[in-house]
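Take a look at the letters that make up each chain.
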Amino acid sequence: MTASAALVEGRRDALLRAEGQGIGIHVVQLAGCEAHWMAEGARIAEASGADVIDINMGCPARHVTGGESGSALMRDLDHALTLIEATVKAVSVPVTLKMRLGWDDRTINAPELARRAECAGVRLITVHGRTRCQFYKGRADWAAVRAVKNSVTIPVVVNGDIASYQDATQALAASGADAVMIGRAAQGRPWWPGQVARYLAGGRREQAPALPTQLAMIDELYDEMLRHHGRAIGRRHARKHLGWALDAAAQAAGVCDAVLKVARGRVLTVEEPAMVRRHLADAYHAFGSHPARLAA
């Protein structure tokens, strides 16, 4: 996800997010509120290697909706359509759309937006089963997504609270959707979307990877983030990923909250990458063998 205007302005962080040659299927999600910047941003993203352009009309964050982007666009569907039409016309790659059920419970307009988006050339729609005003409170209403599925002929993806194999099957059954999208449940668990895909394809329920494998994944990610963003910015961006990884590892190992708290305190408060890696390795070793060692 990147702001379309920032991409057009050539901001380094935006350009880094858009670059995708040689890394497999690369989707760039654009946020914005003006048709011109959305179109120009889409062109730049396509030229940078994007295989798909996704339009963000689902983000509930105040710093996004405050600029009339993200899910704020669901308050004005006529304006939202100008962004969709401009983006579709600007590129040759498929354009998809992410949305919520509506702005609030009084304006559940996702089916109407979906119909109009399909007519404008959108190829796939993802719906988070909450309104913007719900943010992430309560449970996602997967059944409410069925109205969107019934209103279009293009694929529909259901999103929100897909944290278990049972969630995935229930979300598909309730919504009638063609696929599930996993967001927050993959934080610290990058293997989870793949496990869900294999489960839906063949019914096989896989356990979380062994702790040494999890450690290797987060260590590699940490190293790549430092290289990608540069050391100063990369350390800041990586901190939340390290925290999510520790949470996932602690859950898999069954360690108590007190032990996890100590591990997080050690890993997330040091700045030197070598020390981060050392404390991270110590935490995973302790989770897997002697959890009480971290409480000392």
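The structure this text deals with has already been given above.
What comes next is a walk through the structure.

Definitions and cut-offs
- Sequence order sets the numbering: in each chain, residues are counted from 1 along the sequence as written.
- Selection of residues for local features in this predicted model requires a pLDDT of at least 70, selection of side-chain atom pairs for listing and counting requires 80 or more, and totals for whole chains, interfaces and linings are taken over all residues.
- The side-chain quantities take in all heavy atoms of the structure and omit both hydrogens and water.
- A pair of strands is considered paired only if DSSP assigns at least 2 bridges between the two.
- Going along the chain from the N terminus, every DSSP run of H or I of four or more residues is numbered as a helix, and every run of E of two or more is numbered as a strand.
- Throughout, a contact is declared for two residues whenever any of their heavy atoms are within 4.5 Å.
- Only the stretch in contact is used when a helix axis is fitted, and all axes are lines through C-alpha atoms; the angle between N-to-C directions ranges over 0 to 180 degrees.
- Take a side-chain nitrogen of Lys or Arg and a carboxyl oxygen of Asp or Glu: if they are within 4 Å of each other, that pair is a salt bridge.
- The definition of a nonpolar core used throughout is a set of buried Ala, Val, Leu, Ile, Met, Phe, Trp, Tyr and Cys residues joined through side-chain atoms within 4.5 Å.
- The cut-offs for exposure are 20% and 50% of the maximum accessible area for each residue type, with area from a 1.4 Å probe on protein chains only; residues under the lower value are buried, those over the upper are exposed, and the others partly exposed.

What links the strands of a sheet is backbone hydrogen bonding, and the strands pair in either a parallel or an antiparallel sense. Ordered in space as β1-β2-β3-β4-β5-β6-β7, the 7 strands form an open sheet in which the pairing is parallel. Single-partner strands in this sheet number two, and they are β1 (2–3) and β7 (179–181). Sheet topology places strand β5 (residues 124–128) next to strand β6 (residues 156–159); 4 bridges connect them, and they run parallel. What sits directly across from histidine 128, in β6, is asparagine 159. On the sheet, helix α6 (residues 110–120) packs against β3 (52–57), β4 (95–100) and β5 and is oriented at approximately 170 degrees with respect to β4.

Summed over all chains, the structure comprises 19 salt bridges. Notably, a salt bridge pairs arginine 231 with glutamate 272, separated by 2.8 Å at the nearest N-O pair. You can see arginine 231 sitting in helix α11 (residues 231–253) and its partner glutamate 272 sitting in the loop between α12 (257–268) and α13 (273–288), a full 41 residues away along the chain. Across the pair glutamate 271 and arginine 239 runs a salt bridge whose closest N-O atoms are separated by 3.1 Å. Here glutamate 271, found in the loop between α12 and α13, pairs with arginine 239, found in helix α11; they are 32 residues apart in sequence, far enough to count as distant. If you follow the salt bridges from partner to partner, you end up with Arg130, Arg139, Asp161, Asp167 and Arg184 in one network.

Moving on to the nonpolar core. Counting 59 residues, the largest nonpolar core has Ile53, Met57, Ile84, Leu97, Met99, Leu113 and Ile125 as the members making the most contacts within it. Those residues in contact with methionine 99 that sit more than four places away from it in its chain are Met57, Gly58, Met74, Ala110, Leu113, Ala114, Ile125, Thr126, Val127 and His128. Core analysis: the second largest hydrophobic core is formed by 22 residues, Ala250, Val259, Leu260 and Leu280 among them.

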